[in-house]
Amino acid sequence: MIETLTLLSLALLWSLLDGGVTLVNLLVGALLGAILLSAVQRSRGRSFASRLFGIARFVALFVVELVQAGLAVVLLSIRPRPQFHPHVVAVPLRIESDAAISLLSATITLLPGTVAMGTSEDGRTLYAHAIGEADPESSRAGIRRIEELILGFMR
């Protein structure tokens with residue numbers, strides 16, 4: 001019952017955000033909502049509400065990370081003599097599923113100054129290129145923060 005109400009709410013929300021409640025917008029919203037719900041329901045042993053809260057937390061905190069990374073790159077670019085500190089970092093992963101690793105890679109690639117390069121053969125280590133911070137550990141910590149957010153709803 002709660003999934004049906006959530007699906008209808010997501011379809012209506014999509015329609016309102018798209019500019020009008022039409023049949024096509026409702027169908028697209030329902031399709032996107034169904035995809036979202038199927039991804040959320042893959043996590044067993046947790047309530048639907050806690051998984052939905054995890055997704056909302058992921059989106060909100062990712063936006064914060066995105067703004068911070070954008071500002072850092074802007075500050076680097078407007079300096080008369082920018083000091084870039086490019087480096088490749090290896091980050092041991094706690095997430096295991098291919099979907100979660102793909103989401104992590106796509107998410108950190110969206111952050112300005114960071115690009116996911118790939119994973120190790122066994123899928124336990126993510127390699128990423130980063131600029132800005134002189135200490136590679138701070139780049140690893142940023143990737144681990146995103147990973148923790150993903151773990152919050154995909155465990």
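Going by the structure above, here's the rest.
The structure presented is a predicted model; accordingly, all values stated were derived computationally and were not measured. (Residues numbered from 1 in each chain as written. Predicted model: local features only at pLDDT ≥ 70, side-chain atom pairs only at ≥ 80, totals over all residues. Heavy atoms only, no water.)

Student: Please clarify how the overall build of the protein chain should be interpreted in this entry.
Tutor: Secondary structure summary: the protein chain contains 5 helices and 3 strands in total. Secondary structure elements in the protein chain, listed N-terminal to C-terminal, are α-α-α-β-α-β-β-α. In terms of overall dimensions, the protein chain has C-alpha extents of about 55 × 40 × 25 Å along its principal axes. Across the 155 residues that make up the protein chain, the buried fraction comes to 31%. Within the protein chain, residue pairs in contact and separated by at least 24 positions form 62% of the contacts whose partners lie at least 6 positions apart. As displayed, the protein chain has an accessible area near 9,500 Å², and 66% of this comes from carbon and sulfur atoms. Once the 13 positive and 12 negative side-chain charges of the protein chain are each reduced to a mean point, those two points are 4 Å apart. (Helix = DSSP H or I, 4+ residues; strand = E, 2+ residues; numbered from the N terminus. Buried < 20%, exposed > 50% of the residue type's maximum accessible area, 1.4 Å probe, protein only. Contact = heavy atoms within 4.5 Å. Areas by Shrake-Rupley, 256 points an atom, 1.4 Å probe, with all protein chains shown as cover. Lys, Arg positive; Asp, Glu negative; His and termini not counted. Charge placed at Lys NZ, Arg CZ, Asp CG, Glu CD.)

Student: Could you clarify how one ought to interpret the layout of surface pockets in this entry?
Tutor: By rolling a water-sized probe across the atoms, one finds the places where empty space is left. There is about 510 Å³ of room inside the largest pocket. Lining the largest pocket are 23 residues, with A69, A72, T114, I131 and E133 positioned closest to its centre. Elements supplying a minimum of two residues to the lining of the largest pocket: α3 (48-78) and α5 (136-154). When residues of the lining of the largest pocket are assigned to their parent elements, the largest contribution, 7 residues, is made by α3. In the lining of the largest pocket, the residues fall into 10 nonpolar, 9 polar and 4 charged. (1 Å grid on protein atoms, 1.4 Å probe; cavity = no way out; pocket = protein on both sides within 12 Å on 5 of 7 lines; lining within 4 Å. Points joined across faces, edges and corners; volume = space filled by probe spheres on them. Nonpolar A, V, L, I, M, F, W, Y, C, P; charged D, E, K, R; others polar.)

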